[in-house]
Amino acid sequence: MRALHGIVAALLLSMSTQAQTEPAVETPTPPPRAINSTTLELAPREELADETWALMREVSIQGTVRKDLFFQAAKADLSGTFKGDVWAAVAGPFTFTGRAEDDVRVFASGPAQMNGRIDGNLLLRAESAQTDTNTVVTGAASIIAGALVLDGLFEGRLEATTSGAFTLKGEVQGDVAVTAGEITLMPGAVIHGDLSYDAPAPPVLSPGARVEGEIRQQTQPTIPYTAILAMLLFISHSGFGLMALALLPRFFAGALAVLAHTRAGSLFNGGVAAVVLMFLTALFFSSSLAAVLALVCVAVLVVADACGLVVVALTLAGLLLPPRVTARPAGRALAVVLGMAVIHLALLVPGAGPFLLLAAHLAGIGAVVVYTVGTQRVRRGAPPPMPPPAVTAA
């Protein structure tokens, strides 16, 4: 009998030792739960333990979601507890009265109404947005809607953008940046930080509303598109002018002489040439067989315009630089850059800038066309001019 007890004890001891030495088997992480149905309903005591992706018509959650929730629906009502992130795309109305322990990001085509707590950041895009008294957002909040009425407590920075009216009824502990058609702080509204606004009129502070920080209008940095365009054109035209002048100095000398003698005529001829070339381009493009000719017309107009602008630049620089400077190759290169700078600075003249630039282009085209046509006539056999008669001494 004692021997039998000893055998049993030995077996139990070996089994326990083997259990201690065997490695624990890790439980695999369950994959995200995907739901594709008409309605997702979660009762108050129900839970979603897995990360959930849902595509449905209606979402109504009153229970607890322990992982991240991603869903798309026609309308949604969230009144439960959310342990992870919430990502929502809603085609209709969206309501949040629950508690989120992480970030909430909502894109709603309909109105959005919130009266819950978010222990994270809030990103909300909606047709209109309203937060009620029990709303608490501990992180930063960014809200874009057609109309905004905000109550409750925002502990971080608040950024609000609306094309209509922005109304603040609650408390913001951080800074506020608002872009709106009109801004109103209702009685009891408090902003502990700064208020920067972009609106046609200053914010309206009702009696009892206060801003403890600074109130300042946002100075939107206007991108100087005209200046950027002028700089790009200046660089490209100057580079072309330096290269073309080095290759064809006699051509530009002749065109420069034409422009110096007939400035008004060059302007007129340039306008006529530009109109004719554009007309031929449109005419040729109407026929598929003549598309090549249309491209040729475009190329001729572009080259004539670029060369003409170099001629105008040399003319303007000749008014600013002494002849002894422009007589040297380095001086002519300087003249091109200086003249181009003058032309493109004219583009910055308010109102008249585009017209001045157009006149420069047309005058240059006219000078190039007149000089080119005149040179071709001479090459075709036009008799050279008669030399002056010799004067004999008496």
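Residues numbered from 1 in each chain as written. Predicted model: local features only at pLDDT ≥ 70, side-chain atom pairs only at ≥ 80, totals over all residues. Heavy atoms only, no water.

### A few points about the sheet that holds strand S6 (residues 64-65)
Here's step 1: Across the sheet, 10 strands lie side by side as S3-S6-S9-S12-S15-S18-S21-S24-S27-S30; this open sheet has parallel pairing. Looking along the sheet, the strands with just one partner apiece sit at the ends: strand S3 (47-48) and strand S30 (210-211).
Here's step 2: Bridge analysis of strand S15 (residues 117-118) against strand S18 (residues 136-137) gives 2 bridges, and the strand direction is parallel. Bridge pairing in S18 links Ile-118 to Val-137. (Pairing = 2+ DSSP bridges. Helix = DSSP H or I, 4+ residues; strand = E, 2+ residues; numbered from the N terminus.)

### A few points about the pairing of strand S26 (residues 182-185)
Here's step 1: Looking at chain direction, strand S23 (residues 165-168) and S26 are connected through 4 bridges and run parallel. From the neighbouring strand, Ala-165 faces S26, where its bridge partner is Glu-182.
Here's step 2: Two elements, S26 and strand S29 (residues 204-205), share 2 bridges in a ladder whose sense is parallel. Directly across from Leu-185, in S29, lies its bridge partner Leu-205.

### A closer look at helix H3 (residues 249-261)
Here's step 1: The terminal C-alpha atoms of H3 lie 19 Å apart, and with 13 residues this matches the ideal 18 Å at 1.5 Å per residue to within 8%.
Here's step 2: Looking at H3, one finds that the buried residues are Phe-252, Gly-254, Ala-255, Val-258 and Leu-259. Taken down its axis, H3 places every buried residue within 160° of arc, on the same side. Residues of H3 that are exposed and angled more than 90 degrees away from the buried face: Arg-250 and His-261. (Expected span 1.5 Å × (residues − 1). Buried < 20%, exposed > 50% of the residue type's maximum accessible area, 1.4 Å probe, protein only. Arc of directions from axis to C-beta.)

### Details of the environment of Ala-126
Here's step 1: Mapped onto the elements, Ala-126 comes out in strand S16 (residues 122-126).
Here's step 2: Considered as a pair, Ala-126 and Gly-146 are 20 residues apart in the sequence and their alpha carbons are 7.3 Å apart.
Here's step 3: If we ignore the near neighbours within four places in the chain, the residues touching Ala-126 are Ala-108, Gly-110, Ala-112, Ile-144, Ala-145 and Gly-146. (Contact = heavy atoms within 4.5 Å.)

### Some details on the pattern of salt bridges
For side chains bearing opposite charge, pairing can occur when the charged atoms are close.
Here's step 1: A complete count under the given rule lists 10 salt bridges for this structure.
Here's step 2: For the salt bridge of Glu-47 with Arg-66, the shortest nitrogen-to-oxygen distance reads 2.8 Å. Taken together, the residues span a long stretch of sequence, with Glu-47 in strand S3 and Arg-66 in the loop between S6 and strand S7 (69-73) at a distance of 19 residues.
Here's step 3: Residue Arg-66 is classed as partly exposed on the basis of its relative accessible area of 39%.
Here's step 4: Among the salt bridges present, the one from Glu-159 reaches Arg-157, with a minimum N-O distance of 3.1 Å.
Here's step 5: According to the relative accessible area criterion, Glu-159 is partly exposed, its value standing at 36%.
Here's step 6: The class for Arg-157 is partly exposed, based on a relative accessible area of 37%. (Salt bridge = Lys/Arg side-chain N within 4 Å of Asp/Glu carboxyl O.)

### Considering a nonpolar patch on the surface
Here's step 1: A cluster of nonpolar side chains, namely Met-243, Leu-247 and Leu-248, defines an oily patch on the protein surface of about 330 Å² accessible area.
Here's step 2: Among the secondary structure elements, Leu-248 is positioned in the loop between helix H2 (225-247) and H3. (Patch = residues over 30% accessible without salt bridge, like charges linked within 9 Å, V, L, I, M, F, W, Y side chains within 5 Å. Areas by Shrake-Rupley, 256 points an atom, 1.4 Å probe, with all protein chains shown as cover.)

### So, the environment of Gly-170
Here's step 1: Looking at where Gly-170 falls in the secondary structure, it is placed in the loop between S23 and strand S24 (171-172).
Here's step 2: What makes Gly-170 buried here is its relative accessible area of 6%.
Here's step 3: Considering only alpha carbons, one finds Gly-170 and Asp-151, 19 residues apart in sequence, at a separation of 4.0 Å.

### Considering the sheet that holds S26
Here's step 1: Overall, parallel pairing links the 10 strands, which are arranged S2-S5-S8-S11-S14-S17-S20-S23-S26-S29 in an open sheet. Whereas interior strands pair on both sides, the edge strands pair on one side only; in this sheet they are strand S2 (39-42) and S29.

### Observations concerning the pairing of S2
Here's step 1: Burial along S2 is one-sided: Leu-40 and Leu-42 are buried, while Thr-39 and Glu-41, pointing the other way, are not.
Here's step 2: With 4 bridges joining them, S2 and strand S5 (residues 58-61) adopt parallel strand pairing. The residue bridging Thr-39 from the neighbouring strand is Glu-58, located in S5.

### Quick word on the nonpolar core
Here's step 1: Within the largest apolar cluster, 54 residues are counted, with the highest numbers of intra-cluster contacts made by Phe-71 and Phe-166.
Here's step 2: If near-sequence neighbours (up to four positions away) are discounted, Phe-71 is found in contact with Ala-54, Val-59, Ala-76, Leu-78, Val-86, Trp-87, Ala-88, Ala-89 and Val-90.
Here's step 3: Val-258, Val-311, Ala-335 and Met-340 belong to the second-largest nonpolar core, a separate cluster that totals 27 residues. (Core = buried A, V, L, I, M, F, W, Y, C linked by side-chain atoms within 4.5 Å.)

### A short note on the side chain of Ser-142
Here's step 1: Relative to the elements of secondary structure, Ser-142 occurs in strand S19 (residues 141-145).
Here's step 2: For Ser-142, a relative accessible area of 18% puts it in the buried group.
Here's step 3: Contact partners of Ser-142, with chain neighbours within four places excluded, come to Leu-122, Leu-123, Leu-124, Arg-125 and Glu-159.

### Examining the environment of Phe-70
Here's step 1: Take Phe-70: it is sitting in strand S7.
Here's step 2: With relative accessibility at 17%, the residue Phe-70 sits in the buried group.
Here's step 3: Along the chain, Phe-70 and Ala-54 lie 16 residues apart, while their C-alpha atoms are 6.3 Å from each other.
Here's step 4: Apart from the residues lying within four places of it in its own chain, the contact partners of Phe-70 are Glu-51, Thr-52, Trp-53, Ala-54 and Trp-87.

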